[in-house]
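Listed below, chain by chain, are the residues.
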Amino acid sequence: MHILLVASAFNSLAQRVHAELRDRGHSLDVHLASTDDALREALGACKPELVIAPMLKRAIPEDVWREHTCLIVHPGPVGDRGPSSLDWAISAGVDRWGVTVLQANGEMDAGDVWAWAGFLVSPVGKSDLYRNEVSDAATDAVLLAVDRFASGTYSPLPQAQVRNRAAAGTRPSYPQSLRRIRWARDSTETVVRKLRAADSSPGVLDELLGSEWHLHGGHPEDELKGRPGELLATRAGAICRATVDGAVWIPELRPRRRPGEPRPFKLPAVQALADRLPELPESVFAPDADHDRRTWSDISYREEGAVGFLSFSFPGGAMSTSHCRRLLDAYWAACSRPTAVLVLGGTRDFFSNGIHLNVIEAADDPGAESWANVNAMNDLVEAVLTTTDRLVVSALGGNAAAGGAMLALAADEVWCRAGVVLNPHYRLMGLYGSEYWTYTLPRRVGADVADRLTREALPVSASSGLGPGLVDRLVECCPQDFSGEVTRLAVRLAHSSGMQERIAAKKQTRERDESVKPLSLYREAELSSMLRTFSDPHAPYHALRRAFVRKQPSTEAPSHLIRAGAAGR
């Protein structure tokens, strides 16, 4: 079947739906919704049999939904309506929620139901929930709806015929007046819930050090205390702020937009506040510190028998120069331990999306910061590639892209939770790419497939990555169970027969590859191209980065997404 995906942005859910439909042999076009006339033009050009909107912020015009079957993915159970479904659900503390695929009609979210799926609500931020539990449920519902439509025999049900006690009816956009934190009376639990319901957009509007900021991300702290609202400490770029019964860590801030100014963007809290931030103690929390504490750290390390687990979770999956250097230090420390297997990642949500474009955009010299960041990423990937005294496993509970995908591929084995989407390419940001991709990608999938993946620049599902060798193991579990399942599998791997032989063979392979072509030559060739791009102020990368960071809407059709076709075509 030929399907048109209509979306306000090609976000994580749109990519997941795109990849899963391609895996099942459907051909696809993608239209990024800008105007009604542009949508009509796209429909006339691609002549789809079905229209699916995985993430759409505008109404489909009446003449379109009357002429075409248009399926809308709504992140709420049957009967729930409105633009802030997840915000309301997290704020209310519900333990179950759902996703509905409904047919567009004259009233938003009120159309007949083609499919629905429920899920348990994990105690995480809205963006994490959206990329994981919501994504899983939405994919199941979309695939079921497509099968039902293709059968030609299924009639969608009016919402009134689908009984559902979870839905709360029509609700407006969640206002900042309800999000606002009352520091003098809100408990840590309340503050964290408000922050989670606004993550990563729109953030919680708050006053801090005489200015208005949107707060992004929130994690409880169990030891630090102070006067409610007081800033207590910093850690890894985040700030700690006191509540009435404890404190919370806030990793990122975004200034409130002022009329006439460019759209602001999120930055690590300490960097965003810059000179306004008073002198505060740096609260040190070592990666191998007490894991029973209720606090926040973006890097942690633990051991289970002969397995070391080096976990990291950076907001949005972006890794700044500082992130890379701190993770490299933790990696070397982990390598000093007497383990046979070292697992990288292993937590839910993003693995890595590569260099930190927001931090780069905020730099006085974005080109120079790009260069520093990409070299720090290369240092980290090189450390993984040259580790020959143990097996290294990349465990992806969430998506990976660009340099982050290449970091994963540097390991001996790549384990992905079913539902992970990989984007092993760079060209959409106008970059040749680095992180030794010209070594690792062809080594895993062959030169022809490597060329196709980087040229087509399409999202790849974890399941379809198994065939060509992008992925070594598919972990079938729900997001909250991923860490435990990875632990079980890694311990079993460490105790499997032939481990020492595998490690010895790995060392021999690395020595052989180095004698044929040293890693330094791959790095030199890749980075020479990257340096030319970073140094050229007119290179497309700079405009593409700026548009991405400031969320400027695309005015052109995404050519790489037009008539993408079925997987393997």
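To start, this report covers the structure provided alongside it. (Residues numbered from 1 in each chain as written. Predicted model: local features only at pLDDT ≥ 70, side-chain atom pairs only at ≥ 80, totals over all residues. Heavy atoms only, no water.)

Judged by pairing direction, the sheet is mixed, and its six strands sit side by side in the order β15-β16-β17-β18-β20-β23 without closing on themselves. Strand pairing shows two members of the sheet lacking a second neighbour, β15 (299-304) and β23 (473-475), which therefore form its edges. When the angles between neighbouring strand axes are averaged without regard to direction, this sheet yields 20 degrees. Taken together, the four bridges between strand β18 (residues 391-397) and strand β20 (residues 413-417) define a ladder with parallel strand orientation. Directly across from A395, in β20, lies its bridge partner W415. (Pairing = 2+ DSSP bridges. Helix = DSSP H or I, 4+ residues; strand = E, 2+ residues; numbered from the N terminus. Axes fitted to C-alpha atoms, helices over the stretch in contact; angles between N-to-C directions.)

The space that makes up the second largest pocket amounts to roughly 440 Å³. Contributing to the lining of the second largest pocket are 18 residues, with W213, P255, R256, E261 and P264 lying nearest its centre. Within the residue set of the lining of the second largest pocket, elements represented by two or more residues are β8 (211-216) and α8 (269-273). Broken down by element, the lining of the second largest pocket gets its largest block of residues, three residues, from β8. Considering only residue class, the lining of the second largest pocket consists of eight nonpolar, two polar and eight charged. (1 Å grid on protein atoms, 1.4 Å probe; cavity = no way out; pocket = protein on both sides within 12 Å on 5 of 7 lines; lining within 4 Å. Points joined across faces, edges and corners; volume = space filled by probe spheres on them. Nonpolar A, V, L, I, M, F, W, Y, C, P; charged D, E, K, R; others polar.)

Here the focus is the pairing of β8. In terms of residue burial, β8 counts as a mostly covered element, since five of its six residues are buried. Here five bridges tie strand β7 (residues 204-208) to β8, and the two strands are oriented antiparallel to one another. Paired with D206 across the two strands is W213, which belongs to β8. Bridge count between β8 and strand β13 (residues 252-255): four bridges; the pairing is antiparallel. Paired with H216 across the strands is E252, a residue of β13. (Buried < 20%, exposed > 50% of the residue type's maximum accessible area, 1.4 Å probe, protein only.)

Shape descriptors only; they carry no functional weight alone.
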